[in-house]
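Working through the structure, step by step
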Amino acid sequence: MKVAGVHRRSLWPAPDRRACFAIDQRRLPHRLEVARLSSLADVRAAIAEMVVRGAPLIGATAACGIALQCADAVDDEALHAAKTTLDGARPTAVNLAWATSRMLAALLPLPLPQRQAAAWREAEAIADEDVAVNAAIGRHGLALLQALAAHSPGRPLNLLTHCNAGWLATVDWGTALAPVYQAQAAGLAVHVWVDETRPRNQGASLTAWELGQQGVAHTVIADNAGGHLMQHGQVDVVIVGADRVSARGDVCNKIGTYLKALAAHDNGVPFYVAMPLSTLDRRLHDGLAEIPIEHRSARELTHVSGRAADGGLAEVQLVPDGSAALNPAFDVTPARLVTGLVTERGVWPANEAALRAAG
Ligand code: MRU
C-alpha cells in the first residue's frame, strides 16, 4: 500500500540480510519511523512491545528473527531455543508459532552451513506469500461487498471494522481491509466506520491513518458507538480480522470484537471475519475454553499517548492514582455469530465441516 503516494511494505529485509526493517507502529499516526531489527532479541522485543503487531505481521517478523539467528551457523538446539524465545513474545496470535514452525521445518533437515541462506529464502517466501494471500482475501471479500452494495444502490457501502487488520497488520494489503482496498480500485464507493479500539487505539491511530493514506472515506467512532449505528441502519457489514480461529470457527480477535458481533447479530448485520488459513488452529475446538488470551500491562489502559499541542508525543494518565485496571487484549466470538470466514480460498461458513473442506 502507499504512504504519501509511495508503495511500502510494513516489513522488509536489509539488502545485506544483516537486519530487517519494520515501520514502528508505536509512533503512528504522528511519525513515520522505521525500526532496524538486527538480532533475535531485537525481533522478540519488537513483537512484545508492539513495534510490529497484527497476527500475520507478527509471524513474518518472527521468521526474520529466526533468519537473523542463523547468521552464526546455528545448531538444532539453538534453533529450537530461538523458536521458544519468539513464540513466547505474544501468546494469542497463532501465526507466530505457525511461522517459526515453518522456519524450523525448512532448516532442521539442512547441514549447518546451508541454513543462513535457506532461512532468508524461507522468511522472504513467508512475507511474499502473505502479500499474495491477502490479495486473494481481498478479491473474495470484494465479491461480497459488490453483492451487498447491489442492495443499496446510489450510496456508499458502510463497513464497520475493529482494531487494525489493514496492511500494517500484515506485510501488505491487510485482511479485513484488503476487500476495502480492492473495492476502491474497482470503483465501488465504500465508507468505513473505524472503531477507536481502546486501550491501544489501533483503529484511531493505525486504521484511520492507512485508510487516509489510500484516500478511503472513513470516520473514527468510539468503541461503544457501533451498536447504535447498527440500530439506525448505518452499518451494512462488519469485517474484522482474527488472531486465532478454532477448528469449529470460534474467532479470537481484538478485545471488543465479541460485542460488535452481538450487536451485528441483534440487528441483522452480516459479520465477516477475514483471515489467512494460517490463522486457523485445527488443534483447538472450543475457542472460548482453549485459546490463550494475552493480558497486557494495565498501563495501556490507565495512560494514553498522543501528539501534544507543541507537536511532541506525550503520555497522560486517565485514571485516579491507585485504581486497579485489567487489560485482556483479545476476546472470542462464538462461531454462531459469524456470517462467514473470508480466506484466500474463498468464503466459508464458520463450522467444522466447512473449515475442513477449506484445506
Ligand atoms: O494486539 P494487536 O494489535 O496485535 O491485535 C491485532 C488484531 O487483533 C487484528 O485484528 C488481528 O491480528 C488480525 S490482523 C490482520
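Provided above is the structure to which this section pertains.
Reference entry: report on the structure contained in this document.

What counts as what
Residues numbered from 1 in each chain as written. Predicted model: local features only at pLDDT ≥ 70, side-chain atom pairs only at ≥ 80, totals over all residues. Heavy atoms only, no water. Pairing = 2+ DSSP bridges. Helix = DSSP H or I, 4+ residues; strand = E, 2+ residues; numbered from the N terminus. Axes fitted to C-alpha atoms, helices over the stretch in contact; angles between N-to-C directions. Contact = heavy atoms within 4.5 Å. Core = buried A, V, L, I, M, F, W, Y, C linked by side-chain atoms within 4.5 Å. Buried < 20%, exposed > 50% of the residue type's maximum accessible area, 1.4 Å probe, protein only.

**Re the pairing of strand β11 (residues 251-254)**
For strand β10 (residues 244-246) and β11, the ladder comprises two bridges, and the chain directions are antiparallel. Bridge pairing in β11 links R244 to C252. Bridging between β11 and strand β16 (residues 330-333) involves four bridges; their strand directions are antiparallel. Bridge assignment links N253 to a residue of β16, and that residue is D331.

**Quick notes on the sheet that holds strand β5 (residues 34-37)**
Across the sheet, which stays open at both edges, the three strands sit in the order β3-β4-β5 with antiparallel pairing between neighbours. Each end of this open sheet is capped by a strand with a single partner; those strands are β3 (11-13) and β5. Pairwise comparison of adjacent strand axes, ignoring direction, gives a mean angle of 25 degrees for this sheet. With three bridges connecting them, β3 and strand β4 (residues 20-23) associate as antiparallel partners. Within β4, the position partnered with W12 by the bridge is F21. Against the sheet, helix α2 (residues 55-69) engages β3, β4 and β5, with an angle of about 20 degrees to β3.

**Comments concerning the nonpolar core**
In terms of nonpolar packing, the biggest core is built from 41 residues, with L11, I47, I66, C70, L79, M103 and L107 touching the most fellow members. Mapped by element, the contributors of at least two residues to this core are β4, β5, α1 (40-48), α2, α3 (76-87), α4 (95-107) and α5 (115-149). Residue contributions to this core peak at 10 residues, all from α2. Excluding its chain neighbours within four sequence positions, the residues that come into contact with C70 are L79, L107, R115, Q116 and A119.

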